[in-house]
Amino acid sequence: MLRKDLTNIASLACIQGSNAVLPIIIFPYVLHLFGSDKYTGLVVSEAVSVIILALVLFSFEVNGVSRVVSSFALGGISAASTVYWEVFFSRFVIWLICLAGVLVAGFFLEVQFFFSLLCWMLVPLSFIFQSTYFFQSIENNLPIAIFTLISRLVCCLTVFFVLSSETPVFVLPLIAGVCYLAGGLAATIYLRKALGLKFVSVPFARIVACLLEGKEIFFGNIAVVLFRDSNLLILSLMSVSPVAIASYSVVEKFIKAFQALIRPLNQFFFTRTIHALRDEIAPRPMAMIKIMKLTWIQLSALAVILAGMIVLWSLFHDYFDFLRAYPNKSLMAGLFLFMSIGVFFGVANFMLGTAGLNNLNSRKYYATILVVTGVTTVSLCLVLVSLLGVYGAATSFVMGELILFTLISARYLRT
């Protein structure tokens, strides 16, 4: 059992690590290659695709896991296949709607920006085929870890060998999209050939029902995207200088990498939390204590990772040409350290909120406070960016996590 647990944790770490390391290697290099003006359009189009990815994933990364676990326990791979194809087609319908929206918007967008956004659409499509939640549900994460790692490595190598300063900016998302999609298709083929996943036709009415079942979690996820992933869009809308946007973008990539490094433990302790709460029916102080016992382990690991990142930056940031050429390295370092505070609160919010409130009959409350936090934080970001520029965006990021933590804790502590 211990060996299986360690393998699954290592596999999840490989998935998250490969997803995290790729941006912090590629995007600083691309900034050096393209310059701030071209780079800004690229990362703003990517920010839009991140929102589309959240739409496409819907709620199935949370409730899809529990559905597969239950179905697999009752009816094996045949029953789990039904859940798989319901999730697959539900996500594909959402992706088609988003694609139609992008095509219509193309009439009003600058050509290079439109082509970049269109190519980024391949990334959400790849996640539909990748179905990481399914591998996590059956506790067999090693195959998807291998496919993910290979596809990301190929992407990284292709970028370094193909891109030049004269290359159109949309070539980067095209390379990333094709490589990611290849990894996703490999995962689907593995499920069909190696695990015996059966094709199941899904009526459209059932797709609608699946979407309605997860609407609370979905709205919560969208709210999270609002206060975690919309800052670049706001900076662009507020006409902040391309150099400042570029610097903030690189810092945000490092923050997301920092978050991704701890996510395997989030996913591992997610199921542990469900088991720990089996005797709890509602949020209360004792339930909070049980969850925090599993959360402190992750926060301690996060502190160690942060210390390691600080040491690596201190030792090596002057050894790479594209990092040495940055004019705002001190700004970037300060932004990263400040925004890392929000990551610590984010871990607690995931455990107490996503893993806790969703399983303590408080799903509607959690969705509500996520929406409140999202709207409040976006409004705060608009004000702070107009006053403080990128510092305002960083402040709103931390404040969003702090506000959410306060609202979650209030649910557990009220008597």
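Residues numbered from 1 in each chain as written. Predicted model: local features only at pLDDT ≥ 70, side-chain atom pairs only at ≥ 80, totals over all residues. Heavy atoms only, no water.

### Here we look at the nonpolar core
Then step 1. Residues Val30, Phe134 and Cys155 are the most contacted members of the largest nonpolar core, which totals 105 residues.
Then step 2. No other element matches helix H3 (residues 63-105), which puts 13 residues into this core.
Then step 3. If we skip the residues at most four places from it in the chain, Val30 touches Gly35, Tyr39, Leu42, Leu163 and Leu172.
Then step 4. Ranked by size, the runner-up nonpolar core spans 21 residues in total, among them Ile291, Met292, Leu294 and Leu352. (Core = buried A, V, L, I, M, F, W, Y, C linked by side-chain atoms within 4.5 Å. Buried < 20%, exposed > 50% of the residue type's maximum accessible area, 1.4 Å probe, protein only. Helix = DSSP H or I, 4+ residues; strand = E, 2+ residues; numbered from the N terminus. Contact = heavy atoms within 4.5 Å.)

### Section: the side chain of Asn349
Then step 1. Within the secondary structure, Asn349 sits in helix H15 (residues 329-356).
Then step 2. With a relative accessible area of 0%, Asn349 lands in the buried category.
Then step 3. Within the local environment of Asn349, its side chain forms a polar contact with the side chain of Glu401, the two groups lying 2.9 Å apart.
Then step 4. Of the polar contacts made by the side chain of Asn349, one reaches the backbone nitrogen of Phe405; its length is 3.3 Å.
Then step 5. With near-sequence residues (within four places) excluded, Asn349 lies in contact with Thr354, Tyr366, Glu401, Leu404, Phe405 and Ile408. (Polar contact = N/O pair within 3.5 Å; in protein donor to acceptor, adjacent residues only side chain to side chain.)

### Some thoughts on a nonpolar patch on the surface
Then step 1. Side chains of Leu142, Ile146, Ile150 and Val154 sit close together on the surface and give an oily, nonpolar patch of about 340 Å² of accessible area.
Then step 2. Looking at the secondary structure, you find Ile146 in helix H7 (residues 142-162).
Then step 3. Given the relative accessible area of 42%, Ile146 is considered partly exposed. (Patch = residues over 30% accessible without salt bridge, like charges linked within 9 Å, V, L, I, M, F, W, Y side chains within 5 Å. Areas by Shrake-Rupley, 256 points an atom, 1.4 Å probe, with all protein chains shown as cover. Salt bridge = Lys/Arg side-chain N within 4 Å of Asp/Glu carboxyl O.)

### Concerning the environment of Gly220
Then step 1. As for its placement among the helices and strands, Gly220 is situated in helix H10 (residues 215-229).
Then step 2. With relative accessibility at 1%, the residue Gly220 sits in the buried group.
Then step 3. Residues Gly220 and Leu306, 86 residues apart in the sequence, show an inter-C-alpha distance of 28 Å.
Then step 4. If near-sequence neighbours (up to four positions away) are discounted, Gly220 is found in contact with Ala367 and Leu370.

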